[in-house]
Amino acid sequence: MSSALTDLCRYPIVQAPMAGGVSCPQLVAAVAEAGGLGFLAAGYKTADGMYNEIKQLRRLTGQPFGVNLFMPQPSLADPSAVEVYGQQLAGEAAWYETPLGDPDPCGDDGYEAKLAILVEDPVPVVSFTFGCPTRDTFDALAGVGTYTVVTVTTPEEAQAAQWAGADAVCVQGIEAGGHQSTYRDDPQNDGTGMGLLSLVAEVRETVQVPVIAAGGIMRGSQIAAVIAAGADAAQLGTAFLACLESGAHLLHKQALTNPLFARTALTRAFSGRPARGLINRFMREHGPYAPAAYPQVHHVTSGLRKAAAKAGDAQGMALWAGQGHRMARELPAGRLTELLAAELDAARAAVSTRSTQ
């Protein structure tokens, strides 16, 4: 790893920020204490909610950690398309006996307020999703000693992040669970993302900043593979989602290895933005008709998803997961971090042995 990343964690293992309560302080602390780099997810939280979680995390660990912010989204959604989609979901609202949400809340996710807190009371790392901040933002964070990372899905996005002043890029392959972190949400590009190994190699030849690889990684041998392809570290989300400390709903954790949920797909059904999850009834029935309207669709379906979880109905939940979900292991997060590090060492040793034979 680069020296800056080495200072942040003992192992080249990053726990992905998973919004919606999954990346809770307990999970982040366990990963950090074991030698990885854990991330709190500030997405969908208020600025005060984010700050309270940071304070809680600091009571749990003195190790470095990161906070992830969602970039403000432009208002490109067609209100009539969102209204039509809401009408299609009327049956879901009746079934779960809950109203649809208001699609109009602001799309900036409290970005400026959160950023102000992170400049006033710095954390070791801040990463960004759904776009790239301005040079002024990077300068402000650098001025308080914060290391910055931008999630990218193409070499062009990686180059833009480097030019803007990011310290590193997190390269997200098409295999990744959850939302695709494209700078621009263009429906014509749905499903056209690159596989992780090819994308890492191309980005490595495009930028000089450190590269963190993300997308479908579940084993230490895969960490070794992306490092061989040019990454400095690997980011894992689904692998940590199944951990005991994860804030994911129990049904979500169980679904990762449940034979009923054999495959994943990209869908706009739950949020209006492409996101990879386990294929269930809601995705099959509504995915083909969901408009490109984030975060409006996210707000519309929020109550439905909560009601489905409360009813114990995984077929109505957003079961975000990467393509490697069947390899999930239900372990304490610290133990998983150590196991991944041991698997990485074993993979490197096996390659070294073969190269000398």
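Residues numbered from 1 in each chain as written. Predicted model: local features only at pLDDT ≥ 70, side-chain atom pairs only at ≥ 80, totals over all residues. Heavy atoms only, no water.

Undergrad: Summarise the overall build of the chain; cite the residues concerned and give the values.
TA: The number of helices and strands found in the chain is 15 helices and 11 strands. In summary, the chain has a C-alpha radius of gyration of 19 Å against a globular reference of 21 Å for 357 residues, a match within 12%. Taken along its principal axes, the extent of the C-alpha atoms in the chain is 65 × 45 × 40 Å. Of the roughly 14,800 Å² of accessible surface on the chain, a fraction of 53% belongs to carbon and sulfur atoms. A gap of 8 Å separates the mean positions of the 25 positive and 34 negative side-chain charges of the chain. (Helix = DSSP H or I, 4+ residues; strand = E, 2+ residues; numbered from the N terminus. Rg over C-alpha atoms; globule rule 2.2 N^0.38 Å. Areas by Shrake-Rupley, 256 points an atom, 1.4 Å probe, with all protein chains shown as cover. Lys, Arg positive; Asp, Glu negative; His and termini not counted. Charge placed at Lys NZ, Arg CZ, Asp CG, Glu CD.)

Undergrad: Give a detailed account of the pairing of strand S9 (residues 233-236), specifying residues and quantitative values.
TA: Side chains of S9 alternate between two faces, with Ala233 and Gln235 and Ala234 and Leu236 buried alike. As defined by bridge partners, strand S1 (residues 13-15) adjoins S9 across three bridges and the pair is classed as parallel. By the bridge assignment, Val14 is partnered in S9 with Gln235. By the bridge criterion, three bridges tie strand S8 (residues 211-214) to S9 in an arrangement that is parallel. Along S9, the bridge assignment pairs Ala213 with Ala234. (Buried < 20%, exposed > 50% of the residue type's maximum accessible area, 1.4 Å probe, protein only. Pairing = 2+ DSSP bridges.)

Undergrad: A description of the sheet that holds strand S10 (residues 264-267) should follow, citing residues and the corresponding values.
TA: Taken together, the three strands give an open sheet; going across it, the order is S7-S11-S10, and neighbouring strands pair in antiparallel fashion. Two strands lie at the open edges of the sheet, namely strand S7 (178-179) and S10, each paired on one side alone. Pairing of S10 with strand S11 (residues 275-278) involves four bridges; the strand directions are antiparallel. The partner of Thr267 across the bridge, within S11, is Ala275.

Undergrad: I'd like a description of the side chain of Asp186, backed by residues and values.
TA: Position of Asp186 relative to the elements: it lies in the loop between S7 and helix H9 (196-204). At 3.0 Å, the side chain of Asp186 forms a polar contact with the backbone nitrogen of Gln188. (Polar contact = N/O pair within 3.5 Å; in protein donor to acceptor, adjacent residues only side chain to side chain.)

Undergrad: I'd like to hear about helix H6 (residues 111-120), residue by residue, with values.
TA: Of all the positions in H6, only Tyr111, Lys114, Leu115, Ile117 and Leu118 are classed as buried. Taken down its axis, H6 places every buried residue within 160 degrees of arc, on the same side. Across from the buried face of H6, at angles greater than 90 degrees, the exposed residues are Glu112 and Glu120. Where H6 is buried, its residues contact helix H3 (47-60), strand S3 (65-70), strand S4 (125-129) and helix H7 (135-143). (Arc of directions from axis to C-beta. Contact = heavy atoms within 4.5 Å.)

Undergrad: Provide a residue-level description of helix H10 (residues 220-228), including the pertinent values.
TA: Listing the buried residues of H10 in full gives Gly220, Ile223, Ala224 and Val226. When H10 is viewed along its axis, its buried side chains cluster within an angular range of 165 degrees and face the same direction. Residues of H10 that are buried make contact with S1, H9, S8, S9 and helix H15 (333-356). Positive phi shows up at Gly230, right after H10, with a value of about 130 degrees.

Undergrad: Lay out the sheet that holds S9 in plain terms, naming residues and giving numbers.
TA: In space, the eight strands of this open sheet follow the order S1-S9-S8-S6-S5-S4-S3-S2, with parallel pairing throughout. In this open sheet, the two edge strands, each paired with only one partner strand, are S1 and strand S2 (38-41). Adjacent strand axes in the sheet meet at a mean angle of 25 degrees when their direction is disregarded. Looking at chain direction, strand S6 (residues 168-172) and S8 are connected through four bridges and run parallel. Opposite Val169, over in S8, you have Val211 as the bridge partner. Each of S4 and strand S5 (147-152) touches H7; the most contacted strand, S4, lies at about 160 degrees to it. Along the sheet face, H9 touches S6 and S8 and points at about 150 degrees away from the line of S6. (Axes fitted to C-alpha atoms, helices over the stretch in contact; angles between N-to-C directions.)

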